[in-house]
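Remarks on the overall topology
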Amino acid sequence: KHQRMRIVLFIGSPISVEEKELVAVGKKLRKCNVAVDVVSFGDIEANEEKLAAFMGAVNKNNNSNLVTVEPGANLSDVLCGTAIFNQDGPAGGGGFAAAA
């Protein structure tokens with residue numbers, strides 16, 4: 001079985017770089033076939049537009065995911081039900097959590 005390159009970003013603070021810089025990095029990662037999973041918590045509204053642009057640039061054949069954790073929600077509970085931990089989708093098997 002081939003392992004694919006994947007980056008998991010946890011973002012809890014406002015993103016200070018410009019949107020165009022994020023898009024440029026996203027395009028480079030996409031070109032190199034690197035999937036990116038982003039977990040956004042904390043300053044969700046402040047980062048929403050920039051993360052949407054980044055995800056649009058990096059996503060290739062739905063290989064990347066953006067998860068937004070609302071204030072007050074338990075981070076681990078939210079993540080366990082996402083495609084980040086379940087590659088077959090929510091509540092599916094054989095994903096990252098099964099391999100850990």
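Residues numbered from 1 in each chain as written. Predicted model: local features only at pLDDT ≥ 70, side-chain atom pairs only at ≥ 80, totals over all residues. Heavy atoms only, no water.

Here we take up the environment of Gly26. By secondary structure assignment, the location of Gly26 is in helix 1 (residues 19–31). By relative accessible area, which is 0% here, Gly26 ends up buried. Placed 30 residues apart in sequence, Gly26 and Gly56 show a C-alpha to C-alpha distance of 8.1 Å. Sequence-distant contacts of Gly26, that is, excluding residues within four places in its chain, are made with Phe54, Ala57 and Val58. (Helix = DSSP H or I, 4+ residues; strand = E, 2+ residues; numbered from the N terminus. Buried < 20%, exposed > 50% of the residue type's maximum accessible area, 1.4 Å probe, protein only. Contact = heavy atoms within 4.5 Å.)

A word on the sheet that holds strand 3 (residues 65–68). Pairing between sheet strands relies on hydrogen bonds along the backbone, with the strands arranged either parallel or antiparallel. If you walk across this open sheet you meet the three strands as 1-2-3, and the pairing is parallel. Only two strands of the sheet have a single neighbouring strand rather than two, namely strand 1 (6–11) and strand 3. The mean inter-strand angle of the sheet, taken between neighbouring strand axes irrespective of direction, is 10°. One ladder, built from four bridges, connects strand 2 (residues 35–40) with strand 3; its direction is parallel. What sits directly across from Val38, in strand 3, is Leu66. The strands touched by helix 2 (residues 44–58) are strand 1, strand 2 and strand 3; relative to strand 2, the strand with the most contacts, the crossing angle is about 170°. (Pairing = 2+ DSSP bridges. Axes fitted to C-alpha atoms, helices over the stretch in contact; angles between N-to-C directions.)

Moving on: the pattern of salt bridges. Summed over all chains, the structure comprises one salt bridge. For Arg6, the salt bridge identified is with Asp37, shortest N-O distance 2.8 Å. Of the two residues, Arg6 is situated in strand 1 and Asp37 in strand 2; the sequence distance between them amounts to 31 residues. With a relative accessible area of 39%, Arg6 lands in the partly exposed category. (Salt bridge = Lys/Arg side-chain N within 4 Å of Asp/Glu carboxyl O.)

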